[in-house]
Structure formats: C-alpha cells, structure tokens
Amino acid sequence: MATRSKVWISLLLALAVALSSPAVRAEEAAAAAEEGEAVLTLDVDSFDEAVAKHPFMVVEFYAPWCGHCKALAPEYEKAAKSLSKHDPPIVLAKVDVNEEKNRPLATKYEIQGFPTLKIFRNQGKNIQEYKGPREAEGIVEYLKKQVGPASKEIKSPEDASSLIDDKKIYIVGVFTEFSGTEFTNFMEVAEKLRSDYDFGHTLHANHLPRGDAAVERPLVRLLKPFDELVVDSKDFDVAALEKFIDASSTPRVVTFDKNPDNHPYLMKFFQSSAPKAMLFLNFSTGPFDSFKNVYSAAAEEFKDKEIKFLIGDIEAAQGAFQYFGLKDEQSPLILIQDGDSKKFLKDHIEADQIVSWLKEYFDGKLSPFKKSEPIPEANNEPVKVVVADSIHDVVFKSGKNVLIEFYAPWCGHCKKLAPILEEAATTLKSDEEVVIAKMDATANDVPSEFEVQGYPTMYFVTPSGKVTSYDAGRTADEIIDFIKKNKETSGATTTTSEKAADPATTAETVKDEL
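Residues numbered from 1 in each chain as written. Predicted model: local features only at pLDDT ≥ 70, side-chain atom pairs only at ≥ 80, totals over all residues. Heavy atoms only, no water.

1. Focus: the overall build of the chain
- Helices and strands together make up the secondary structure of the chain, namely 16 helices and 21 strands.
- The 514 residues of the chain split such that 47% are buried.
- Look at the contacts in the chain between residues 6 or more apart in sequence, and 70% of them connect residues 24 or more apart.
- Entry remark: accessible area of the chain is about 24500 Å², with carbon and sulfur atoms responsible for 49%. (Helix = DSSP H or I, 4+ residues; strand = E, 2+ residues; numbered from the N terminus. Buried < 20%, exposed > 50% of the residue type's maximum accessible area, 1.4 Å probe, protein only. Contact = heavy atoms within 4.5 Å. Areas by Shrake-Rupley, 256 points an atom, 1.4 Å probe, with all protein chains shown as cover.)

Next comes the structure, spelled out in structure tokens:
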C-alpha cells in the first residue's frame, strides 16, 4: 500500500534541484579534500556513539556518485572548519549510506535522496531535517542560530526590527510573564519547529511591527508576508499550536515558479498529506491574471475544505508534468490528487469553469484519471512490458507467478539490472507458470498494492495474490533461485500479502540523475 506522503517524492526531488547550490569545479573539491577534513566521517559502527557524544550534530547522508553531494562537499567542509571554532564547537559529520553495511542507517532515518542532512539534538532525542542553505557562509549562519535559544526575547521595537524579516514568517508569543503552562508549551513548540521557523517572545505586543497592540495576553502572533499579514491564536495546547502554525504558514494559493522565495512553501505544499488542487498554465502568455483572480477566489470559497491550492507556471513545473504524464498543450489544466492518490484532471479549462469543476469534485461527481503508457501491441521479449492499464491483468489475473520490476529509464542501477533480468527470463521461458515483467514507474501510475520509493524496486506476485518484496541478490542465478523457491504451482490457494521495504530501493533517486 503506497503511503500518501511518498506520492510526492519525485516532485520534491525535482524541486530540490532548483534549491541546490551551484555546481563546484572539480579542482575545488579536490583542494578541499587535500587540506584534511573537518567533517567527521561516520559509519554504522561509530554512528550511535557519535550521536551520544555530541549534544548537537549535523549529519549528511550521501552517496559517492551523487553529483549534488559532490557539489556540497567543499562547502560543507568549509562550514565544518568555521564551526569547529564556535563556542561550543558545532560538529558536522557525514555517512556514506550507499555503502552496503551503512544502508540500515538509510532505512532507520528514512533517507529518500541524496544528499539529505539531519540535525541531531540532545544525543539524538530530537532529530530534525536541515532546511538551510547549501553554501558555506549560509550553513554557518543558519547553524549558529540553531544552537542558540529556540525563541529570542523581544525587549524593544529595535529588537523586533533586528529579528523580524518582513519577507519571512515569524512567530511571537506575547505573555504576561515568562512562566506557566502557556509559556512552557510555546517554548516546546519553538524547540520542535525551530528548523522551520523563527520564534520570539515578548511581554509587550506594541514592540511588534504589525498587529493590534491592545490585546489580551497570552497569545501567539504569526507574522507573514502573504494573505493576512498577521494571524493570532490563544490556544496554547501543543498540538493545537502546531496545527495553527502549519495552517497559517502556507499561502492560501502556493505559487510554483522559479522564484526561490516561493520554494519553502512549495516544499510544505508537497509534503502535506492533504488533497491538492493544482492549476497549471503559462504565466507569461494568455489571460494569467483572470485565472489567478478566479482561482484565488475559489480557494477562499473552499477554505473550509481539507484541500490545498497551487498555481503553477508550466515553464517551471516540467518535473510535475513529467511526473503526472501531462503535456504542455493540455494547459490551462487543473489537477487534483486526493489523499488516496486518485487523480482528477480537467485540461483546456477556462477560468469560468474552475469553481463549477471544483464543486463537482467535492460532490463526488468526477471520474479519476490514470497515467498509463499505451498497452504494447507486440510483447514478445523475454521480459514482458506492462503499463498501468495492463498491470492487473498481467500480474494479478494471469494465474502466473510474476516477478515485476518498477524502474526509471534514467536509473543507472536499472540499466545494470536489465540484461540480468533478460538472462533470467530467457532461462525460465520454458516454465509457463512464470513471468518476468517490468514497468516504467515514471510513465505509469503504480497500483496501490505496491510501494515504490526508489528504483529499481521488485515484487514477486503469486497466482493466489501473495505479494512479496524481492530482497534477494541481483544476479540471474539468485533471481532464478528466488522464483523457484517462492513460486506457487497450479492449485495453490494461499492468500497473503507480505511487503517489506527494501533499503536498496533508495540507492538511486531522481535528484541525483537530474
């Protein structure tokens, strides 16, 4: 069963390319290596000890072949040298999770692409994603803030001016005193969310640049550069406070373009498990303003529905188009992906059709859209090609034992595996109860019976419907041996579903091939 949050991995990784630091020259990387490393190198044997030893440590999970990892390396090293002189020293570490023995760390910490950086606080009791810059100066500045107090006291309007950036979200607790349940809960949330937001606390609302100064304390005030510029809440329950911040910190309509100021909101949008409505059109041509106005009004009309809204420029959103199997000539188009990963599409939409189409969605009157390549007319190769429109017939209704590979055309590991699968399929071609098949998971929707987090991912499905994640070796002999040991012969009736995550599936991702 595919988990909702992982539906958006391809889009997040494509977006990460735009957020990545520029590529560095090879000689710069080599020079950094020759100077000696300030970055602490860890492996599975030393990892837990290092986490326990350092109250604050940043760890980069990387793969040696990853281009973005190579670009980050000299910047990360420069930052490590600078931060080693900080009082107290800030430790930067790295671990090669492409190495076989370190792959359990990738599984444990849910590493889905490279490089991934995580902040380990309090001997690993609090683990957060690193969401700061990828160049040395920015890394240093960001991490110095991370080791200070989670929330800074605002004692004057001058303090507020120095701490609050009008272009960023800032969250302030306004109290009668810095004690009590409300203050404790606020500080707990500030500590938990400090890698995402800046926090402050004050005794005087009139120190703040925006919002009513004559307010009843305590309250939480969220300042933001979009929609309502000030939002207040008086609910200090920890869960309610987190929900308030999450709901208030994303624009009612997120913009998907090349402006880096919008990228943090895009990441939050795609990471959300809520249904998503996405309107794509060309921002530079056509009636963009009329679409934007109607769409914004629709987002306001349906704000009480559990759905998030995005408007995207087709020039910036090619990764999304590839992921959903869309074409530029279909725009303007609107697409909804719901919480169950069903998709609903209306292409060539007119501005005045947006509201009525959304109402049809909420009323359950729309039919889902499925991304699929055409079913091949000829399928005579040893490894059979399946697509979204044929996978259930081939895999679940054929009465055969099927080894199915989910691959990506750009994936190096998949290219290496291709002749091995063909050899295994050729060897087994006389066995009429066995099929070896493959599906391009970038061009076809993956059925909910399978979870694909990286490429290649393989499953074995028996005639009775038993689904098993393939976790054996990657040689032809090992594949053949696995099939012979696990296949059902005619008449088997077991009906079990066994699926386990394969750490190797995270070894190669979109991020590192773009």
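2. Section: the pattern of salt bridges
- Following the criterion strictly, the structure yields 24 salt bridges and no others.
- As a salt-bridge pair, Asp-196 and Lys-131 come within 2.3 Å of each other at their nearest N and O atoms. Linking Asp-196 in the loop between helix H8 (181-193) and strand S8 (198-202) with Lys-131 in the loop between strand S5 (126-129) and helix H6 (136-147), this pair joins segments that are 65 residues apart in sequence.
- Here the salt bridges do not stand alone but share partners, grouping Lys-224, Glu-228, Arg-252, Glu-300 and Lys-303 into one network. (Salt bridge = Lys/Arg side-chain N within 4 Å of Asp/Glu carboxyl O.)

3. Overview of the nonpolar core
- Counting 38 residues, the largest nonpolar core has Ile-171, Ile-245, Phe-280 and Leu-310 as the members making the most contacts within it.
- Contributing elements (two or more residues each) for this core: H8, strand S9 (219-223), helix H9 (238-248), strand S11 (253-256), helix H10 (263-271), strand S12 (276-281), helix H12 (318-324) and strand S14 (333-337).
- Among the elements that make up this core, the one with the highest residue count is H8 (five residues).
- Sequence-distant contacts of Leu-310, that is, excluding residues within four places in its chain, are made with Val-253, Val-254, Phe-256, Leu-266, Phe-269, Phe-270, Ala-277, Met-278, Leu-279, Phe-280 and Tyr-295. (Core = buried A, V, L, I, M, F, W, Y, C linked by side-chain atoms within 4.5 Å.)

4. What to know about the confidence of the model for the chain
- In the predicted model, the chain carries a mean pLDDT of 86, and 88% of its residues have values of at least 70.
- Contacts from residues 1-7, a stretch scored under 50 in pLDDT, to residues over four places away or in other chains number 18 contacts.
- Within the model, the stretch residues 16-34 combines pLDDT values under 50 with 18 contacts to residues more than four positions away or in other chains. (pLDDT = per-residue confidence, 0-100.)

5. A look at the sheet that holds strand S3 (residues 91-96)
- Strand order in the open sheet made by the five strands is S1-S3-S2-S4-S5, with mixed pairing throughout. Single-partner strands in this sheet number two, and they are strand S1 (40-42) and S5. When strand polarity is set aside, the average angle formed by the axes of neighbouring strands in this sheet is 30 degrees.
- Pairing analysis gives six bridges linking strand S2 (residues 56-62) to strand S4 (residues 116-121), with the strands arranged antiparallel. Across the sheet, Phe-61 pairs through a bridge with Thr-116, a residue of S4.
- Packed onto the sheet, helix H4 (residues 67-83) meets S2, S3 and S4 and runs at close to 165 degrees relative to S2. (Pairing = 2+ DSSP bridges. Axes fitted to C-alpha atoms, helices over the stretch in contact; angles between N-to-C directions.)

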